[in-house]
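Descriptive analysis of the structure
Here are the chains, one letter per residue:
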Amino acid sequence: AQDNIFFSGAVYPILLAVVLRQDIFPDFNLGRFINAVFDCLSIVLLMLIAGRLFGRREALLAGVIYIFYTPLILLCGMISPDPVTILLILLAVLMLLKWHDKENSRNLIWVGVILGVLVLTRPTASLLFIPFLGGFIYDNRMRLKNIAQAIIKSVSVFVLIILPWI
């Protein structure tokens, strides 16, 4: 593969620089520990989302599957932006679900912020904004005029976050 196809965004290298500058653990152990913490938070978010959508028993099953899924176990111990990417995707989904519970434009603004940071973590994740926005618009197509301002705020925040890095 070509070297310029898979490139990382700015967030994870900055996070690693800050973490490794502390010189608490030898080598990259602190970075691995941070990834393990992100992975644990991802399990919690996945269980919250599954519980909200399917029920308590299914949420527990989703958590158990996540815990024992071998590729995620291997990623947790590596220096990789994947645990942060997974965490941010799950956090964006949870914020969308919170918006459906209580239609507060702050939740949609947070979705824009999270997806903007996600793009700065993994630039190929910019493609996720399209299905997030498309699904949201489709789900609310009958009252699009009422929520257009919240959508514009979310898209504006997303663009403002990624614009300096383009």
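You'll find the structure just up there.
Below or above, wherever it landed, is the structure these notes cover. What you see is a predicted model, and the numbers here were worked out from it, not measured in a lab.

When helices and strands are counted, the chain shows eight helices and zero strands. Along the chain direction, N to C, the helices and strands of the chain fall in the order α-α-α-α-α-α-α-α. Counting only C-alpha atoms, the chain reaches 55 × 45 × 35 Å along its principal axes. Counting over 166 residues, the chain shows a buried share of 37%. In the chain, of all internal contacts separated by at least 6 residues, the share reaching a separation of at least 24 is 67%. Averaged over its 13 positive side-chain charges, the chain has a centre that lies 12 Å from the centre of its 9 negative ones.

End to end, helix α3 (residues 56-68) covers 19 Å across 13 residues, agreeing with the expected 18 Å (1.5 Å per residue, within 8%). The inward-facing, buried residues of α3 contact α2 (29-53), α4 (70-76) and α5 (82-101).

In this section: the nonpolar core. Grouped together as the largest cluster of nonpolar side chains are 30 residues, with contacts concentrated most on L96, L108, L115, F136 and F158. Broken down by secondary-structure element, the contributors of at least two residues to this core are α1 (11-21), α2, α5, α6 (105-121), α7 (129-139) and α8 (144-162). Take this core: its biggest share by element is 10 residues, from α5. Not counting the four nearest positions on each side in its chain, L96 is found in contact with L108, V111, F132 and F136.

Turning our eyes to something else, we now look at the packing of α2 against α3. Between α2 and α3, the shortest axis-to-axis distance is 8 Å and the interhelical angle comes to 150°. Between α2 and α3, the angle is such that the two are roughly antiparallel. By crossing handedness, the relation of α2 to α3 is classed as right-handed. Facing D39, S42, I43, L46, M47, A50 and G51 of α2, the residues of α3 in contact are E58, A59, L60, A62, G63, Y66 and I67. Class assignment for the residues of the contact of α2 with α3 results in nine nonpolar, three polar and two charged.

The next subject is a nonpolar patch on the surface. A surface patch of nonpolar side chains, amounting to about 400 Å² of accessible area, comprises L60, V64, I67 and F68. Among the secondary structure elements, I67 is positioned in helix α3. A relative accessible area of 40% places I67 in the partly exposed class.

The next point concerns the packing of aromatic side chains. Taken as a whole and assessed by the stated rule, the structure comprises one aromatic pair. Above the face of the Y138 ring, R141 is positioned so that its terminal group lies 4.0 Å from the ring centre.

Let us now look at the packing of α5 against α6. Interhelical geometry of α5 versus α6 gives an angle of 165° and a closest axis separation of 9 Å. The angle between the axes of α5 and α6 places the two elements in the roughly antiparallel class. Taken as a pair, α5 and α6 cross one another with a handedness that is left-handed. Contacts between α5 and α6 involve V84, T85, L88, I89, L91, A92, M95, L96, K98 and W99 from the former and N107, L108, W110, V111, I114, L115, V117, L118 and T121 from the latter. Taken together, the residues of the contact of α5 with α6 break down into 15 nonpolar, three polar and one charged.

Thresholds applied
- Residues numbered from 1 in each chain as written.
- Predicted model: local features only at pLDDT ≥ 70, side-chain atom pairs only at ≥ 80, totals over all residues.
- Heavy atoms only, no water.
- Helix = DSSP H or I, 4+ residues; strand = E, 2+ residues; numbered from the N terminus.
- Buried < 20%, exposed > 50% of the residue type's maximum accessible area, 1.4 Å probe, protein only.
- Contact = heavy atoms within 4.5 Å.
- Lys, Arg positive; Asp, Glu negative; His and termini not counted.
- Charge placed at Lys NZ, Arg CZ, Asp CG, Glu CD.
- Expected span 1.5 Å × (residues − 1).
- Core = buried A, V, L, I, M, F, W, Y, C linked by side-chain atoms within 4.5 Å.
- Axes fitted to C-alpha atoms, helices over the stretch in contact; angles between N-to-C directions.
- Parallel < 35°, antiparallel > 145°, perpendicular 65-115°, else oblique.
- Left-handed = near helix turned anticlockwise from the far one by under 90°.
- Nonpolar A, V, L, I, M, F, W, Y, C, P; charged D, E, K, R; others polar.
- Patch = residues over 30% accessible without salt bridge, like charges linked within 9 Å, V, L, I, M, F, W, Y side chains within 5 Å.
- Areas by Shrake-Rupley, 256 points an atom, 1.4 Å probe, with all protein chains shown as cover.
- Salt bridge = Lys/Arg side-chain N within 4 Å of Asp/Glu carboxyl O.
- Phe/Tyr/Trp six-rings, centres within 6.5 Å; stacked < 30°, edge-to-face > 60°.
- Lys NZ or Arg CZ within 6 Å of the ring centre and 35° of its normal.

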